[in-house]
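Architecture at a glance
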Amino acid sequence: MSARDVVARVYGDVIAGSEQCVSEAARGEALRLLLTRFSISPKHLGEPGPTDEELSVVALAALRTPDHDKLIPFRFVVARGEGLERLAELFVGYGRRHGKTGEALDTERLRALQAPVVIAVIGRIDDANHRVPRHEQWTTVGGAISNALTALHILGYAGKMLSGLRAADPVIGRAFCREGETLLGWISVGTAKAPAKPRGEIDPALILSEF
Ligand SMILES: Cc1cc2nc3c(=O)[nH]c(=O)nc-3n(C[C@H](O)[C@H](O)[C@H](O)COP(=O)(O)O)c2cc1C
């Protein structure tokens, strides 16, 4: 199914108010996709990456996350082409500031250029909001990341959310963030060039109990 079809279906259903009219087969397929999402490391991601239209679907999915008072405490910044070159320069700068030279700097540069699309995830947490405490706002950011990754999986792409020391670096953070925002990390996105590592089964009883 093309992204256009996905958007049309989502908007069509919402507009018609017929979200409940989903066939059993569609429910089964949706659950199968949800339960089979996996991460793929950026070094195993290649072209093609998602189109503008597909990225809009991903944003719509992120906006569907539970969000107390609809604060939308996150935003995404997409790096492609020249944007990835700018990210590579930031990583090289990070490397230099940490004493790296030569091949180690090439590695820093390549780190940014592995996946065709990189989505920076930025938290916009309102500390002064006493109705919706910080932990609830961060929970929404996590939901947005999860929904985005699941939407990418449904669209046929693979990705991985990574943070690491670079996301916590103040110079890199300032390149992405406005006043009061926090750079959480990046979702690398592309087409899987290697199979996912088996995640293994986890017993649902591990997290389910009766009160
Ligand atoms: C906000 C956030 C930051 C993450 N940062 C890292 C990271 O820096 N390095 C890493 O190996 N995994 C990181 N992960 C975990 C991976 O994205 C991934 O979920 C994990 O490897 C498990 O793979 P799976 O999604 O296939 O189960 C992060 C996850 C989240 C939600």
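Scroll up a little and you will see the structure.
Rules used in this analysis
- Residues numbered from 1 in each chain as written.
- Predicted model: local features only at pLDDT ≥ 70, side-chain atom pairs only at ≥ 80, totals over all residues.
- Pairing = 2+ DSSP bridges.
- Helix = DSSP H or I, 4+ residues; strand = E, 2+ residues; numbered from the N terminus.
- Core = buried A, V, L, I, M, F, W, Y, C linked by C-beta atoms within 7 Å.
- Buried ≥ 20, exposed ≤ 12 C-beta atoms within 10 Å, placed from the backbone.
- Contact = placed C-beta atoms within 7 Å.
- Near = placed C-beta within 6 Å.
- Nonpolar A, V, L, I, M, F, W, Y, C, P; charged D, E, K, R; others polar.
- Axes fitted to C-alpha atoms, helices over the stretch in contact; angles between N-to-C directions.
- Parallel < 35°, antiparallel > 145°, perpendicular 65-115°, else oblique.
- Left-handed = near helix turned anticlockwise from the far one by under 90°.

**Focus on the pairing of strand 5 (residues 182-192)**
Strand residues, when the strand is regular, have side chains that alternate between the two faces of the sheet. As judged from the two bridges shared by strand 1 (residues 45-46) and strand 5, these two strands associate in the antiparallel manner. Of the residues in strand 5, the one forming a bridge with L45 is A192. Bridging between strand 3 (residues 117-123) and strand 5 involves seven bridges; their strand directions are antiparallel. Note that in strand 5 the partner of V121 across the bridge is G185. Across five bridges, strand 4 (residues 158-162) lies against strand 5 in antiparallel orientation. Note on strand 5: the bridge partner recorded for L162 is W186.

**So, the nonpolar core**
A120, V121 and A148 are the most contacted members of the largest nonpolar core, which has 36 residues in total. Of the residues forming this core, the biggest block, seven residues, is contributed by helix 6 (residues 134-154). Those residues within four positions of A148 in sequence are excluded, and the remaining contacts are V58, A61, A62 and I187.

**Quick notes on the site of the ligand**
Surrounding the ligand, one finds F38, S39, I145, K160, M161, L162, S163, G164, L184, G185 and R199. Among the secondary structure elements, those contributing two or more residues to the shell around the ligand are strand 4 and strand 5. Broken down by element, the shell around the ligand gets its largest block of residues, three residues, from strand 4. For the shell around the ligand, the class distribution of residues is five nonpolar, four polar and two charged.

**A look at unusual backbone geometry**
Cis geometry marks the peptide bond from E47 to P48, where omega comes out at -5°. Checked against the element boundaries, P48 lands in the loop between strand 1 and helix 3 (52-63). One non-glycine residue, D69, adopts positive backbone phi at about 65°. Mapped onto the elements of the fold, D69 is located in the loop between helix 3 and strand 2 (74-79). Owing to 13 C-beta atoms within 10 Å, D69 belongs among the partly exposed residues under this scheme. Notably, I72 is not glycine yet its phi reads approximately 45°, a positive angle. For I72, the location among the structural elements is in the loop between helix 3 and strand 2. Residue classification places I72 among the partly exposed positions, given that 15 C-beta atoms sit within 10 Å.

**Observations regarding the packing of helix 3 against helix 6**
Across the interface, helix 3 lies against helix 6 with an axial gap of 7 Å and an inter-helix angle of 140°. With respect to their mutual orientation, helix 3 and helix 6 come out oblique. Taken as a pair, helix 3 and helix 6 cross one another with a handedness that is right-handed. Residues V57, V58, A61 and A62 of helix 3 pack against A144, N147, A148, T150, A151 and L152 of helix 6. Looking at the contact of helix 3 with helix 6, its residues break down into eight nonpolar, two polar and no charged.

Function cannot be inferred from these measures alone, as they are strictly geometric.
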